[in-house]
Amino acid sequence: DQQVKQNSPSLSVQEGRISILNCDYTNSMFDYFLWYKKYPAEGPTFLISISSIKDKNEDGRFTVFLNKSAKHLSLHIVPSQPGDSAVYFCAASPFTGTASKLTFGTGTRLQVTL
Amino acid sequence: DTGVSQNPRHKITKRGQNVTFRCDPISEHNRLYWYRQTLGQGPEFLTYFQNEAQLEKSRLLSDRFSAERPKGSFSTLEIQRTEQGDSAMYLCASSLVAGVGGYTFGSGTRLTVV
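The rules we used
- Residues numbered from 1 in each chain as written.
- Chains lettered and ligands numbered in written order.
- Predicted model: local features only at pLDDT ≥ 70, side-chain atom pairs only at ≥ 80, totals over all residues.
- Heavy atoms only, no water.
- Helix = DSSP H or I, 4+ residues; strand = E, 2+ residues; numbered from the N terminus.
- Contact = heavy atoms within 4.5 Å.
- Phe/Tyr/Trp six-rings, centres within 6.5 Å; stacked < 30°, edge-to-face > 60°.
- Buried < 20%, exposed > 50% of the residue type's maximum accessible area, 1.4 Å probe, protein only.
- Pairing = 2+ DSSP bridges.
- Axes fitted to C-alpha atoms, helices over the stretch in contact; angles between N-to-C directions.
- Core = buried A, V, L, I, M, F, W, Y, C linked by side-chain atoms within 4.5 Å.

### Topic: the environment of K68(A)
All names here are of chain A.
Stage number 1. When you line up the elements, K68 lands in the loop between β7 (62-67) and β8 (72-77).
Stage number 2. Separated by 43 residues in sequence, K68 and Q111 place their C-alpha atoms 28 Å apart.
Stage number 3. With residues near it in sequence (within four places) discarded, K68 still touches Y25, D31 and S52.

Below, the structure written as structure tokens:
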């Protein structure tokens, strides 16, 4: 049972445009959500997080939106840069504000083209 | 602070052999996590420690798997009687107990069982 789902395995976006990566979850107990970026041959790198008490969190070019009623979150990258090309994982934790045991999605490969 | 270090980076072993991986977390981090990632999937939680205490183990962690964190510093993950299905990337991560945000992952140990 996949509790965190990333239904788009890949996404291609032109440099300078907006990248939108989506994530859905099924477990109502999830209270804290995170996005990780992964380059080949490296471990995942934490990008941005959001607590369930918020609906938006911004950090530079990265914004995460949370819609609790729809059990949906999205990551917006504006403007997209070639260095953003990587696999992006959505993850969820049942503990507010603390990344304890995480449940990950299957990832979306983002390619930013020139 | 050199980040989370994992050794070896790659391990090829014959089916039925035992293997041991090591993880050195960020020195001030008291939580340490082990995850496993197979091709096309996100990382799956295996177990985590707070200091030297193992607080949770996944059902994925069969009795052939054992993890330790003596003295609350480095950790080892041992797999006995390896099977081909154990082939995966084994990721270690660390964090503070009350850390906001995500954990810091190492680059992983890729295990191939032949």
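### Side note on the packing of aromatic side chains
Stage number 1. Inspection of the entire model under this criterion finds 16 aromatic pairs over all chains.
Stage number 2. The interplanar angle of 40° and the centroid separation of 4.6 Å between the aromatic rings of Y25(A) and F33(A) together place this pair among those described as tilted.
Stage number 3. Note on Y25(A): relative accessible area 5%, which makes it buried.
Stage number 4. With a relative accessible area of 1%, F33(A) lands in the buried category.
Stage number 5. Between F21(B) and Y90(B), the aromatic rings sit 5.3 Å apart at their centres with planes inclined by 40°, giving tilted as the arrangement. Residue F21(B) is located in strand β3 (residues 19-24), and its partner Y90(B) is located in strand β9 (residues 88-95); the two are separated by 69 residues in the primary sequence. Each member of the pair, F21(B) as well as Y90(B), is classed as buried.

### Description of the sheet that holds strand β7 (residues 65-68) of chain B
Residue and element names in this part refer to chain B.
Stage number 1. Spatial strand order, β1-β3-β8-β7: four strands in an open sheet with antiparallel pairing. The open sheet is flanked by β1 (5-7) and β7, the only strands paired with a single partner. In this sheet, neighbouring strand axes are inclined to one another by 15° on average, regardless of whether the strands run parallel or antiparallel.
Stage number 2. As defined by bridge partners, β3 adjoins strand β8 (residues 75-79) across five bridges and the pair is classed as antiparallel. In the sheet register, R22 faces β8, and the bridge partner there is T76.

### A closer look at the nonpolar core
Stage number 1. F33(A), W35(A), L73(A), L75(A) and Y88(A) are the most contacted members of the largest nonpolar core, which totals 23 residues.
Stage number 2. Taken together, the elements giving at least two residues each to this core come down to β3 (19-25), β4 (32-38), β5 (45-51), β7, β8, β9 (86-93) and β11 (108-113) of chain A.
Stage number 3. Sorting elements by how many residues they give to this core places β9(A) first, with four residues.
Stage number 4. Sequence-distant contacts of F33(A), defined by excluding residues within four places in its chain, comprise Y25(A), I48(A), S49(A), I50(A), L66(A), L73(A), A91(A) and A92(A).
Stage number 5. Core analysis: the second largest hydrophobic core is formed by 19 residues, I26(B), L46(B), F65(B) and L77(B) among them.

### A few points about the pairing of β9(A)
Residue and element names in this part refer to chain A.
Stage number 1. Across the eight residues of β9, eight count as buried, placing the element largely inside the fold.
Stage number 2. Pairing of β4 with β9, which is carried by seven bridges, proceeds in the antiparallel orientation. Paired with Y32 across the strands is S93, a residue of β9.
Stage number 3. The pairing of β9 with β11 spans three bridges and is classified as antiparallel.

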